[in-house]
Amino acid sequence: MRMARAIFGATVALLLGLLFVAVPARAGGPTVTPATPVSPVAPVAPVTPVMPVLTGISAAHAASAHADLIRFHFQLAAPAEVTVQYVPASELIQDGSGLPVAVRGRSFVKVVFHNAAAHDEEGRATAPRNLFPVRATTNVVQVRSGGDFEGVVTYFIGLRQPAPGPQVQPTAQHTGTSVIVAIPTR
(Lines give C-alpha, C1' and ligand atoms only; values in the text may rest on other atoms or scores of the structure.)
Protein backbone atom coordinates (compact mmCIF):
# COMPACT_ATOMS: atom_id res chain seq x y z
CA MET A 1 0.00 0.00 0.00
CA ARG A 2 2.77 2.43 0.86
CA MET A 3 4.48 1.52 -2.34
CA ALA A 4 1.35 2.19 -4.37
CA ARG A 5 1.02 5.65 -2.80
CA ALA A 6 4.69 6.41 -3.48
CA ILE A 7 4.30 5.40 -7.13
CA PHE A 8 1.05 7.39 -7.42
CA GLY A 9 2.72 10.47 -5.84
CA ALA A 10 5.72 10.22 -8.17
CA THR A 11 3.45 9.86 -11.19
CA VAL A 12 1.39 12.92 -10.20
CA ALA A 13 4.56 14.96 -9.66
CA LEU A 14 5.85 13.86 -13.06
CA LEU A 15 2.59 14.76 -14.81
CA LEU A 16 2.45 18.16 -13.13
CA GLY A 17 6.06 18.77 -14.14
CA LEU A 18 5.31 17.84 -17.75
CA LEU A 19 2.18 19.99 -17.72
CA PHE A 20 4.22 22.96 -16.45
CA VAL A 21 6.77 22.54 -19.26
CA ALA A 22 4.11 22.02 -21.93
CA VAL A 23 1.96 25.08 -20.99
CA PRO A 24 2.88 28.13 -23.13
CA ALA A 25 4.56 30.93 -21.22
CA ARG A 26 2.42 33.82 -20.14
CA ALA A 27 3.52 37.37 -19.65
CA GLY A 28 5.76 37.52 -16.65
CA GLY A 29 5.78 33.72 -16.24
CA PRO A 30 8.70 31.35 -16.61
CA THR A 31 9.84 30.47 -20.10
CA VAL A 32 11.14 27.11 -21.22
CA THR A 33 13.40 26.75 -24.21
CA PRO A 34 12.85 23.44 -25.97
CA ALA A 35 15.95 21.35 -26.53
CA THR A 36 17.20 21.12 -30.10
CA PRO A 37 17.25 17.57 -31.36
CA VAL A 38 20.69 16.17 -32.00
CA SER A 39 21.17 14.61 -35.42
CA PRO A 40 22.60 11.10 -35.41
CA VAL A 41 25.81 12.02 -37.27
CA ALA A 42 28.99 10.04 -36.71
CA PRO A 43 31.52 11.85 -34.52
CA VAL A 44 34.13 13.82 -36.42
CA ALA A 45 37.77 13.06 -35.66
CA PRO A 46 39.81 16.10 -34.65
CA VAL A 47 41.78 17.59 -37.48
CA THR A 48 45.53 17.42 -36.94
CA PRO A 49 47.84 19.52 -39.05
CA VAL A 50 49.91 17.59 -41.55
CA MET A 51 53.59 18.09 -40.80
CA PRO A 52 56.58 17.15 -42.98
CA VAL A 53 58.28 14.01 -41.62
CA LEU A 54 62.01 13.44 -42.05
CA THR A 55 62.51 9.99 -43.58
CA GLY A 56 66.18 9.85 -44.56
CA ILE A 57 69.55 11.56 -44.88
CA SER A 58 72.14 11.13 -47.61
CA ALA A 59 75.53 12.72 -48.34
CA ALA A 60 77.62 13.56 -51.41
CA HIS A 61 80.56 15.71 -52.44
CA ALA A 62 80.20 18.25 -55.26
CA ALA A 63 83.81 18.83 -56.37
CA SER A 64 82.88 21.46 -58.95
CA ALA A 65 80.99 23.48 -56.31
CA HIS A 66 83.66 22.91 -53.63
CA ALA A 67 80.96 21.74 -51.23
CA ASP A 68 79.76 18.73 -49.30
CA LEU A 69 76.02 18.17 -49.67
CA ILE A 70 73.80 16.70 -46.98
CA ARG A 71 70.29 15.92 -48.27
CA PHE A 72 67.44 15.63 -45.78
CA HIS A 73 64.53 13.68 -47.34
CA PHE A 74 60.97 14.43 -46.17
CA GLN A 75 57.62 12.77 -46.64
CA LEU A 76 54.99 15.04 -48.23
CA ALA A 77 57.13 18.17 -48.66
CA ALA A 78 60.19 19.81 -47.19
CA PRO A 79 59.47 22.25 -44.34
CA ALA A 80 59.39 25.88 -45.43
CA GLU A 81 61.43 27.23 -42.54
CA VAL A 82 65.02 25.98 -42.20
CA THR A 83 67.98 27.63 -40.49
CA VAL A 84 71.59 26.60 -41.14
CA GLN A 85 74.60 28.12 -39.40
CA TYR A 86 78.03 27.42 -37.96
CA VAL A 87 77.92 27.08 -34.17
CA PRO A 88 80.58 26.61 -31.49
CA ALA A 89 80.82 23.29 -29.62
CA SER A 90 79.11 24.95 -26.63
CA GLU A 91 75.88 25.15 -28.67
CA LEU A 92 75.66 21.40 -29.34
CA ILE A 93 72.66 21.08 -27.02
CA GLN A 94 69.80 18.54 -27.17
CA ASP A 95 66.37 20.11 -27.80
CA GLY A 96 64.02 19.69 -24.87
CA SER A 97 66.47 18.27 -22.33
CA GLY A 98 69.29 20.82 -22.67
CA LEU A 99 71.90 18.06 -22.38
CA PRO A 100 75.10 18.28 -24.47
CA VAL A 101 75.30 16.28 -27.71
CA ALA A 102 78.62 14.62 -28.56
CA VAL A 103 79.52 15.31 -32.20
CA ARG A 104 82.89 14.51 -33.81
CA GLY A 105 84.64 17.35 -35.64
CA ARG A 106 86.65 20.56 -35.40
CA SER A 107 83.74 22.82 -36.37
CA PHE A 108 79.97 22.34 -36.45
CA VAL A 109 76.90 23.25 -38.47
CA LYS A 110 73.47 23.37 -36.83
CA VAL A 111 70.45 22.63 -39.06
CA VAL A 112 66.99 23.38 -37.65
CA PHE A 113 63.73 22.43 -39.38
CA HIS A 114 60.66 24.24 -38.02
CA ASN A 115 57.18 22.65 -38.22
CA ALA A 116 58.62 19.21 -38.94
CA ALA A 117 58.97 15.82 -37.22
CA ALA A 118 61.42 12.92 -37.31
CA HIS A 119 59.09 10.34 -35.77
CA ASP A 120 55.84 8.55 -36.59
CA GLU A 121 52.55 8.63 -34.66
CA GLU A 122 53.82 5.97 -32.24
CA GLY A 123 56.95 8.00 -31.48
CA ARG A 124 59.35 5.77 -33.43
CA ALA A 125 62.20 7.48 -35.27
CA THR A 126 61.66 7.80 -39.05
CA ALA A 127 65.19 8.96 -39.92
CA PRO A 128 68.73 8.07 -38.83
CA ARG A 129 69.78 9.73 -35.61
CA ASN A 130 73.49 9.29 -36.26
CA LEU A 131 75.49 8.98 -39.47
CA PHE A 132 79.11 8.05 -38.82
CA PRO A 133 81.36 7.74 -40.65
CA VAL A 134 80.20 9.81 -43.62
CA ARG A 135 82.31 8.40 -46.47
CA ALA A 136 80.91 10.23 -49.50
CA THR A 137 82.20 13.65 -48.38
CA THR A 138 85.57 15.38 -47.89
CA ASN A 139 84.73 17.61 -44.92
CA VAL A 140 81.71 16.07 -43.13
CA VAL A 141 82.65 13.65 -40.35
CA GLN A 142 79.30 13.03 -38.64
CA VAL A 143 75.60 13.96 -38.88
CA ARG A 144 73.84 13.61 -35.52
CA SER A 145 70.35 14.33 -34.25
CA GLY A 146 70.06 17.17 -31.78
CA GLY A 147 66.36 16.78 -31.18
CA ASP A 148 62.85 16.15 -32.40
CA PHE A 149 60.77 18.18 -29.99
CA GLU A 150 57.49 20.09 -30.38
CA GLY A 151 57.66 20.47 -34.16
CA VAL A 152 61.37 21.36 -34.25
CA VAL A 153 63.90 18.90 -35.71
CA THR A 154 67.58 19.69 -35.12
CA TYR A 155 70.70 18.06 -36.59
CA PHE A 156 74.36 18.82 -35.99
CA ILE A 157 76.98 18.25 -38.68
CA GLY A 158 80.56 17.75 -37.51
CA LEU A 159 83.33 18.90 -39.89
CA ARG A 160 87.02 17.97 -40.31
CA GLN A 161 88.06 21.53 -41.16
CA PRO A 162 87.69 24.60 -38.93
CA ALA A 163 84.85 26.95 -39.78
CA PRO A 164 85.76 29.57 -42.38
CA GLY A 165 85.31 33.26 -41.65
CA PRO A 166 81.85 34.79 -41.16
CA GLN A 167 81.64 35.76 -44.86
CA VAL A 168 81.32 32.05 -45.84
CA GLN A 169 78.22 30.25 -44.54
CA PRO A 170 76.50 26.94 -45.29
CA THR A 171 73.31 27.22 -47.34
CA ALA A 172 70.01 25.36 -47.55
CA GLN A 173 68.14 24.74 -50.78
CA HIS A 174 64.59 23.36 -51.00
CA THR A 175 63.88 20.84 -53.76
CA GLY A 176 60.28 19.67 -53.31
CA THR A 177 60.57 16.88 -50.76
CA SER A 178 64.20 17.54 -49.77
CA VAL A 179 66.40 20.16 -48.19
CA ILE A 180 70.02 20.14 -49.38
CA VAL A 181 72.55 21.69 -47.03
CA ALA A 182 75.71 22.78 -48.87
CA ILE A 183 78.80 23.09 -46.69
CA PRO A 184 81.77 24.86 -48.35
CA THR A 185 85.02 22.86 -48.59
CA ARG A 186 88.54 24.09 -49.39
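See the structure shown above.
Described below are features of the structure shown in this document.

Procedures and definitions
- Residues numbered from 1 in each chain as written.
- Predicted model: local features only at pLDDT ≥ 70, side-chain atom pairs only at ≥ 80, totals over all residues.
- Heavy atoms only, no water.
- Salt bridge = Lys/Arg side-chain N within 4 Å of Asp/Glu carboxyl O.
- Buried < 20%, exposed > 50% of the residue type's maximum accessible area, 1.4 Å probe, protein only.
- Phe/Tyr/Trp six-rings, centres within 6.5 Å; stacked < 30°, edge-to-face > 60°.
- Helix = DSSP H or I, 4+ residues; strand = E, 2+ residues; numbered from the N terminus.
- Pairing = 2+ DSSP bridges.

**Quick notes on the pattern of salt bridges**
Link 1 in the chain: Per the counting criterion, the structure on display carries two salt bridges.
Link 2 in the chain: The salt bridge partner of Asp120 is Arg124, with a shortest N-O separation of 3.1 Å.
Link 3 in the chain: Judged by relative accessible area, which is 23%, Asp120 ranks as partly exposed.
Link 4 in the chain: Among the salt bridges present, the one from Glu122 reaches Arg124, with a minimum N-O distance of 3.1 Å.

**Description of the packing of aromatic side chains**
Link 1 in the chain: With the rule as written, the count across this model stands at three aromatic pairs.
Link 2 in the chain: Arranged with centres 5.0 Å apart and planes meeting at 65 degrees, the rings of Phe72 and Phe113 form a pair that is edge-to-face. Of this pair, Phe72 sits in strand β2 (residues 67-75) while Phe113 sits in strand β4 (residues 107-114), and the two are 41 residues apart along the sequence. Each member of the pair Phe72 and Phe113 is classed as buried.
Link 3 in the chain: Their ring planes at 70 degrees and their centres at 5.1 Å tell us that Phe74 and Phe113 sit as a pair that is edge-to-face. Here the residue Phe74 occupies a position in strand β2, and Phe113 occupies one in strand β4, the gap between them amounting to 39 residues.

**Details of the pairing of β2**
Link 1 in the chain: As paired elements, strand β1 (residues 53-62) and β2 share nine bridges and run antiparallel to each other. The residue of β2 that forms the bridge with Ala60 is Leu69.
Link 2 in the chain: Taking the residues between adjacent antiparallel strands as the criterion, β1 and β2 are bridged by four residues, where His66 takes a positive phi near 50 degrees.
Link 3 in the chain: Summarising the sheet, β2 and strand β9 (residues 178-184) pair through seven bridges and their orientation is antiparallel. The residue of β9 that forms the bridge with Ala67 is Pro184.

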